Structure formats: structure tokens, C-alpha cells
Amino acid sequence: MTEQNILPSRLAMSMFLGLIIALVPGSATFADAPGPTDYSSRITAVETLDGLPLPEGVSISIEGHDSFLALTVPKGVAAEVPGYEGESYLNIDPDCTTSENQRSMSTWYNKDRFGGETSTDLVDNDANPDWKIIGSSCSVAWHDHRIHYMSSIPPINAEPGDVIVTDSIALTIDGRDVVVYVESELVAPASQLPAIIGMMMALAIVAVMWRGMTLALLVFPVSAIGLIIGGAQYLWAPTETGPNINVVVIPLIAATSGVATYVAQQRGLLFTNGSALLGGTMLTIWALLRIDVFSYALLPTSLPYWADRSATAVVAVSGIAFVSYSMQQLWRMSIVRPPTELTTD
Amino acid sequence: MKKLLIAVIASAAVVATAVIVLSGDDSILRTASITTAADYEYEIPLGAGERTDAGEELNIFPWILKVRVGESIRIVNNDDRDHLIGAFFVGAGETLTQEFVSPGMLTGECSIRPGSSFTIQVSE
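From a predicted model like this one, the values you see are computed outputs, not experimental measurements.

With that settled, the discussion passes to the overall build of chain B. Counting its regular elements, chain B contains two helices and nine strands. Shown N-terminal to C-terminal, the secondary structure of chain B runs as helices and strands in the order α-β-β-α-β-β-β-β-β-β-β. Excluding contacts between residues fewer than 6 apart, the proportion of contacts in chain B whose partners are at least 24 apart in sequence is 66%.

Quick look at the sheet that holds strand β4 (residues 79-82) of chain A now. All names here are of chain A. If you walk across this open sheet you meet the seven strands as β1-β10-β9-β4-β5-β6-β7, and the pairing is antiparallel. The two strands at the open ends of the sheet, each matched to only one other strand, are β1 (39-48) and β7 (131-135). With direction set aside, neighbouring strand axes in the sheet form an average angle of 25°. Pairing of strand β9 (residues 163-173) with strand β10 (residues 176-186), which is carried by 10 bridges, proceeds in the antiparallel orientation. Across the sheet, residue Val163 finds its bridge partner in β10, namely Glu185.

Of all hydrophobic cores here, the largest spans 45 residues; its most connected members are A:Val315 and A:Val317. For this core, the secondary structure elements donating two or more residues are α3 (193-211), α4 (219-236), α5 (246-264), α6 (269-289) and α7 (305-334) of chain A. Sorting elements by how many residues they give to this core places α7(A) first, with 11 residues. With sequence-adjacent residues up to four places away left out, A:Val315 is seen in contact with A:Val222, A:Ile225, A:Gly226, A:Leu283, A:Trp286 and A:Ala287. Within the second largest apolar cluster, 25 residues are counted, among which are A:Ala158, B:Ile73, B:Val90 and B:Val122.

The next point concerns the sheet that holds strand β9 (residues 117-123) of chain B. Residues and elements named next belong to chain B. Taking strand neighbours across the sheet as the criterion, the three strands line up as β3-β9-β8 in an open arrangement whose pairing is mixed. Every other strand in the sheet has two partners, leaving β3 (64-68) and β8 (104-109) as the edge strands with one partner each. The sheet shows a mean angle of 15° between the axes of neighbouring strands, direction not considered. Alignment of β8 against β9, held across six bridges, turns out to be antiparallel. Each residue of the ladder has a partner; that of Glu109, found in β9, is Ser117.

All names here are of chain A. When strand β5 (residues 88-92) meets strand β6 (residues 98-101), the two strands line up antiparallel, connected through three bridges. Note that in β6 the partner of Ile92 across the bridge is Thr98. In textbook terms, the turn of a hairpin is the stretch between consecutive antiparallel strands, and for β5 and β6 this stretch comprises five residues, one of which, Cys96, has a positive phi near 85°.

As a further point, take the packing of α3(A) against α7(A). Residue and element names in this part refer to chain A. Packing of α3 against α7 leaves a shortest axis separation of 7 Å and a crossing angle of 30°. What the angle tells us is that α3 and α7 run roughly parallel. At the point where α3 passes α7, the crossing takes the right-handed sense. Between α3, through Pro194, Ala195, Ile197, Gly198, Met199, Met201, Ala202, Leu203, Val206 and Trp210, and α7, the contact on the second element is made entirely by Trp306, Arg309, Ser310, Ala311, Ala313, Val314, Val317, Ser318, Ala321 and Tyr325.

This part takes up the domain arrangement of chain A. Residue and element names in this part refer to chain A. Domain boundaries in chain A define domain 1 (3-32 + 189-334) and domain 2 (39-186). Taken together, the contact between domain 1 and domain 2 spans eight residues of the former and 14 residues of the latter. In terms of residue class, the side of domain 1 that touches domain 2 is made up of five nonpolar, one polar and two charged.

Turning next to unusual backbone geometry. All names here are of chain A. We note that Asn157 has phi near 85°; this positive angle belongs to a residue other than glycine. Relative to the elements of secondary structure, Asn157 occurs in the loop between β8 (139-142) and β9. In this model, Asp174 sits at a positive phi of 55°, which is unusual for a non-glycine residue. With respect to the secondary-structure elements, Asp174 resides in the loop between β9 and β10.

All names here are of chain A. Within the element layout of this structure, Tyr181 appears in strand β10. Here the alpha-carbon distance between Tyr181 and His143, two residues 38 residues apart in the chain, equals 16 Å. Residues in contact with Tyr181, not counting those within four places in the same chain, are Ile43, Thr44, Ala45 and Ser168.

The end-to-end C-alpha separation of α4(A) is 26 Å, in line with the 26 Å expected for 18 residues at 1.5 Å each. At its buried positions, α4(A) is contacted by α5, α6 and α7 of chain A.

Two residues of an α-helix separated by three or four positions point the same way, owing to the 3.6 residues in each turn. Taking 1.5 Å per residue, 21 residues should reach 30 Å; α6(A) reaches 30 Å between its end C-alpha atoms and fits that length. Within α6(A), 16 of the 21 residues are buried, which leaves it mostly tucked inside the rest of the structure.

Detailed reading of predicted coordinates is not advised where the pLDDT is low. All names here are of chain B. Scored by pLDDT, chain B comes out at a mean of 80, with 72% of its residues at no less than 70. A low-confidence stretch, residues 21-28 stays under pLDDT 50, and its non-local contacts, those more than four residues away or across chains, total nine contacts. In the predicted assembly, ipTM is 0.72 and pTM is 0.80.

A few words now on the confidence of the model for chain A. Residue and element names in this part refer to chain A. Summary statistics for chain A give a mean pLDDT of 87 and a share of 87% for residues scoring 70 or more. The element-level mean pLDDT for chain A is lowest in helix α1 (residues 3-28), coming to 50, with β4 highest at 97. Counting interchain partners and residues more than four positions distant, the pLDDT-below-50 stretch residues 1-5 has three contacts.

What follows concerns the pairing of β9(A). Residue and element names in this part refer to chain A. Bridge count for β4 against β9 is two bridges, and the pairing is antiparallel. Following the sheet pairing, Ala79 is matched in β9 by Ile173. Where β9 hands over to β10, the hairpin turn is made up of two residues, of which Asp174 adopts a positive phi near 55°.

Helix packing for two helices is described by the angle between their axes and how far apart those axes are. Residues and elements named next belong to chain A. Two elements in contact, α5 and α6, have axes whose closest approach is 8 Å; the angle formed by their N-to-C orientations is 160°. With respect to α6, the axis of α5 lies roughly antiparallel. Helix-helix and strand crossings are classified by hand; for α5 and α6 the assignment is left-handed. When α5 is examined against α6, the residues Asn246, Val247, Ile250, Pro251, Ile253, Ala254, Ser257, Gly258, Ala260, Thr261 and Ala264 are found in contact with a partner set consisting of Phe271, Thr272, Ser275, Ala276, Leu278, Gly279, Met282, Leu283, Ile285, Trp286 and Leu289. Taken together, the residues of the contact of α5 with α6 break down into 15 nonpolar, seven polar and no charged.

Here is what the cut-offs are and how they apply
Residues numbered from 1 in each chain as written. Chains lettered and ligands numbered in written order. Predicted model: local features only at pLDDT ≥ 70, side-chain atom pairs only at ≥ 80, totals over all residues. Helix = DSSP H or I, 4+ residues; strand = E, 2+ residues; numbered from the N terminus. Contact = placed C-beta atoms within 7 Å. Pairing = 2+ DSSP bridges. Axes fitted to C-alpha atoms, helices over the stretch in contact; angles between N-to-C directions. Core = buried A, V, L, I, M, F, W, Y, C linked by C-beta atoms within 7 Å. Buried ≥ 20, exposed ≤ 12 C-beta atoms within 10 Å, placed from the backbone. Parallel < 35°, antiparallel > 145°, perpendicular 65-115°, else oblique. Left-handed = near helix turned anticlockwise from the far one by under 90°. Domains from an automatic or database assignment. Nonpolar A, V, L, I, M, F, W, Y, C, P; charged D, E, K, R; others polar. Expected span 1.5 Å × (residues − 1). pLDDT = per-residue confidence, 0-100.

Following this line, the structure appears as C-alpha cells:
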């Protein structure tokens with residue numbers, strides 16, 4: 001079997017395995033992890049109806065800028081979160097077991113940031129609760145739609161700084177009625193400058209290395225940038241909010257491909273460019289997954305937003321360049337004719 | 001060198017297109033400000049927010065309003081707090097006047113009537 005013959009099958013196998021590895025963890029994540037947004041929600045007050053302070057160790061917070069309402073209680077304290085119609089929705093038992101009523105409309109409506117999933121045969125708010133255990137950490141976090149504006153398009157006439165949503169959420173903690181008051185504010189739009197600078201920098205570097213036929217060597221450093229940015233996003237959100245592991249796994253596969261491009265230099269251009277193609281594909285997919293960072297004001301990361309946007313632009317441009325470059329190289333290899341023997345009379 | 005330039009320009013174009021498409025305005029209805037009398041006029045009275053907090057149901061806005069392109073709506077907010085009326089935000093003491101310039105549907109929550117929405121259907 002010649003090198004040209006094994007080229008398509010090996011490439012296809014590499015791409016297939018890479019995609020499988022990348023997509024499998026996605027099924028294990030929670031639905032709709034915190035993402036970029038234009039709204040900042042905050043708790044303005046927490047009141048107990050009996051006027052007494054909450055038990056020590058109780059924490060109520062908004063996570064993901066405007067995405068989740070999170071509740072943590074100390075061991076030995078029970079808590080209940082009623083649904084929108086007062087039905088049983090979430091429970092934290094004194095032993096820290098957390099459970100979710102599968103018959104509650106709120107269980108399904110709250111799966112998505114914008115409340116997309118509502119119809120299911122299971123829902124019956126008046127039926128006896130069907131509790132499903134969802135954790136054992138004394139903590140729950142849910143997409144409470146009273147804490148955020150329910151559209152990705154800001155309301156007409158709203159300006160940065162306007163409070164778009166004002167609402168309250170009733171809870172029961174340690175048998176006592178608690179009301180959490182919230183509001184959500186529209187924030188100023190993001191600057192595109194970091195993304196443009198990142199794009200220009202990446203284009204310049206890519207152009208130089210493409211010309212020098214050494215572009216494949218960039219796969220690892222660019223993947224490392226993606227890994228740092230993805231890692232910061234993954235670690236930023238609490239576990240209860242189901243951060244998406246794909247933002248780490250995909251650049252990790254790309255980084256592995258990047259290492260392979262170094263190792264593969266000993267084995268020939270086929271392996272080098274095949275690895276670069278896989279790495280570039282992974283980085284392009286990663287950048288597409290995170291494309292919203294360019295259009296929303298607040299990002300799901302602990303890093304400075306300018307760093308996230310410029311790095312994502314670098315990865316996006318580089319990923320596309322790696323794919324283009326490696327495919328060009330592989331195409332060139334495929335059309336190279338074996339040398340013909342010279343014959344003399 | 002020519003191929004290199006083409007590839008770089010193509011990469012830039014792909015990224016730029018993706019950014020523009022994904023960050024663009026994807027609303028299906030455009031509106032425009034006007035200063036003349038509106039076809040549909042609504043007023044939010046002073047104290048509306050407090051009355052809503054107290055559980056009173058204020059039937060100021062319909063659930064669905066069917067309008068035609070070229071018609072307009074005016075919402076006068078005389079309350080001392082901001083209100084979200086469907087897809088519109090009207091600050092305290094502000095007046096919002098909008099003309100519907102293309103068909104589509106606008107919907108959103110209504111802070112005057114908690115738990116409900118206000119939908120505007122615009123037809124030709």
C-alpha cells in the first residue's frame with residue numbers, strides 16, 4: 001500500500017476519532033451552561049418573613065451573570081424551591097441530597113436559559129411529586145426565569161444601565177419562608193477592538209509561517225491558548241450550573257495533534273499535515289462554539305474579556321489557516337507523480 | 001505568494017462574516033420613532049407598579065395587539081418606575097412612540113401584568 005493510498009483512510013479515521021472524543025463528553029454535561037450575555041442580574045435583598053436571620057452557611061447567589069439562581073445550605077438544613085405555580089420543584093434534604101420533581105412544569109421549563117423545553121407527557125403540577133436525585137452537595141442551581149430577560153434581543157428603547165427585570169422568588173429554608181428580590185440590568189455592548197487586533201495579529205503570524213512552510217508548528221501553541229481560555233471558562237462556573245467540558249476537551253485534542261505534528265516530522269509530511277488538519281479542525285470547531293464572545297458584553301470567564309475575545313479571534317483565524325494549509329499540502333502530495341525512469345537507447 | 005494571499009484573505013473573510021452574521025440584529029420587526037399622533041395609545045398611570053405589587057390586575061394592555069405596517073403605538077409611562085411592555089422598555093416618566101415598518105411579531109413580558117406577555121402582530 002502506497003502512502004498516497006493510505007492517506008484518505010488515515011485522515012478520515014483521525015477526524016472521526018477526534019470528533020467522537022470531542023462530542024462524547026457533551027452528552028454528559030448539563031443542558032445550557034452559562035454563556036455570554038448582555039445582562040447583569042443581582043440580588044437586591046433577601047428577606048425572611050419572620051424577620052430572623054437565615055441559618056449560618058446559607059448562600060443564595062446569581063451565577064453566570066444572569067443565568068442561574070444558586071442555593072447552598074449547610075448539612076442538617078432542609079430547603080425547598082417551589083415552581084412557578086407553587087408546585088414542588090427542587091428539594092435539598094438535611095443529608096444534602098438534592099432532588100428535582102419530574103412532574104413539575106418548572107423542571108422542564110428551566111432546563112434552558114430561554115425556557116425552550118415546556119411540553120412533556122410527564123408534567124402535572126397537581127400530581128404527587130416524582131423526585132429524581134440530582135446531587136448530594138447541599139447545592140442546587142437552576143435557570144430561574146424571573147432573574148433574567150427572556151430574549152437574546154434587548155427590549156426596544158432600553159439603554160445600558162436600564163433595569164429590565166425586577167422580580168422576587170419565594171423559597172423555604174429550614175422551614176421558614178424566604179423571599180429573594182432580584183433585578184437585571186442591560187449592560188453596555190462589547191468592544192470589537194480586541195477581536196480585531198487578535199485577528200490581525202493571527203493573520204500576520206499565519207502569513208509569515210505559511211510562507212516559510214512551517215505553519216503546522218503553530219498548532220500546539222495556538223491549542224495551548226485555546227486550552228487556557230477554555231479552562232478559564234470551565235472553571236469559572238460552579239459545577240451545579242453544568243459548565244461545558246467541550247471547551248477544554250476540544251483544544252486538548254488539538255494540542256495533542258500539535259504535539260503529533262512535532263513528532264510526525266520524523267515520519268514525513270503526510271503525518272505532519274494530517275495532524276495539523278485534525279488540530280485545525282478542532283480549533284475551528286472550538287472557535288465556532290465560542291463565537292458569541294464577540295457579540296455579547298459579559299463573558300463566562302474569570303479572565304479579562306479583552307483577553308478572551310482576542311485569544312478566541314487568534315484561535316479562529318489560526319484554526320481556519322491550519323485546515324487550509326494542511327489540505328493544500330496534502331493535495332500537493334497527492335498530485336506528485338513518482339519519478340519515471342530514464343531510458344537510453 | 002499569490003496563493004498565500006488568497007488563503008489569508010479567504011480566512012479573514014470567513015471569520016469576519018461569521019462575526020458579522022452572529023453579532024448582527026436578528027429581529028424580524030423594525031420600528032421607527034415618530035412624533036405625530038399614534039394609532040394605538042396607552043398610558044401607564046402613576047402608582048401602577050405599586051398596585052401591581054399589591055396584586056391588582058391592571059388591564060391596560062391587551063394580550064395580543066394586531067396592527068398593520070405603517071401604524072404606530074405610543075406608550076406614556078406616568079409611573080415613577082420603569083416598565084417592560086412586551087418588547088418595549090419605557091422608562092419612568094418617558095413616552096415611547098414607534099411606527100411598525102415591516103411585518104412580523106414582537107413579544108415579551110409585561111411588568112404591568114406579572115406572569116403574562118404582550119404580543120404585537122404586524123401584518124402588511
